[in-house]
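Summary of structural features
Each chain, written out:
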Amino acid sequence: MAYQLPKTFISFDYDYNHTHKLLFVGQAKNGNTPFNIADWSSKEELPQASWERLISSKIAMCDIMIVLVGKNAARATGVIKEINMALAHNVPFFGVYVDGAHSGTALPTGLARNRVIDWAWDTISNAITQVSKEGKNKR
């Protein structure tokens, strides 16, 4: 049986890290990337309750979530809500530092420091392998 690449939701701070998300997703289209990304973003501005229902259903359909952690991620209410949605749907996740963020950067509530890594594809690949065996992916 062929290995199925995990469906991945990318969580990011729209106000500060939209460009980093575009760069991350663009680089992820490389044939050697160990996951599939679909554009799960809302295509329009929605009332909060509608956005929450839409994003929660999209996260539930994913195997893993990657949180792009920029300098302002700790204050990004959407990112915090997406982390809570992932927890509610048992979707395992980890973070990747972007935009000069580092181990001293404040993290969004729910994201453990030991689950955040630097943006390096080998390290990201290893993290994906790990989380692909956690949460709803346990076999």
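Structure: above.
Rules behind the numbers
- Residues numbered from 1 in each chain as written.
- Predicted model: local features only at pLDDT ≥ 70, side-chain atom pairs only at ≥ 80, totals over all residues.
- Heavy atoms only, no water.
- Bend = angle between axes of the 7 residues up to and from the residue.
- Helix = DSSP H or I, 4+ residues; strand = E, 2+ residues; numbered from the N terminus.
- Buried < 20%, exposed > 50% of the residue type's maximum accessible area, 1.4 Å probe, protein only.
- Polar contact = N/O pair within 3.5 Å; in protein donor to acceptor, adjacent residues only side chain to side chain.
- Core = buried A, V, L, I, M, F, W, Y, C linked by side-chain atoms within 4.5 Å.
- Contact = heavy atoms within 4.5 Å.
- Phe/Tyr/Trp six-rings, centres within 6.5 Å; stacked < 30°, edge-to-face > 60°.

Further remarks concern helix α1 (residues 14–28). The sharpest bend along α1 reaches about 30° and sits at His20. Taken as a whole, α1 has its buried residues at Asn17, His20, Lys21, Phe24, Val25 and Ala28. For α1, the capping residue at the N-terminal end is Asp13, with a side-chain oxygen 3.1 Å from the backbone nitrogen of Asp15.

Ranked by internal contacts, the top residues of the largest apolar core, which has 21 residues, are Ile59, Met65, Val67, Val69, Ile83, Phe93 and Leu111. At the level of elements, α2 (48–60), β3 (64–69), α3 (77–88) and β4 (93–97) are the ones that each hand at least two residues to this core. By residue number, the principal contributor to this core is α3, which donates four residues. If sequence neighbours within four positions are ignored, Met65 has contacts with Phe9, Ser11, Ile59, Glu82, Ile83, Ala86, Val91, Pro92, Phe93 and Phe94. Formed by 15 residues, the second largest nonpolar core is a distinct cluster that contains Ile10, Leu68, Phe94 and Ile128.

Using the criterion set out here, one finds three aromatic pairs in the structure. Ring centres 5.2 Å apart and planes at 65° place the aromatic pair Phe24 and Trp119 in the edge-to-face group. Here Phe24 is found in helix α1, whereas its partner Trp119 is found in the loop between β5 (116–117) and α4 (121–131), with 95 residues between them in sequence. On the basis of relative accessibility, which here comes to 0%, the residue Phe24 falls in the buried class. Judged by relative accessible area, which is 28%, Trp119 ranks as partly exposed. Here Phe24 and Trp121 contribute two aromatic rings whose centre-to-centre distance is 5.1 Å and whose plane-to-plane angle is 35°, an arrangement assigned as tilted.

Structural measurements only, silent on function.
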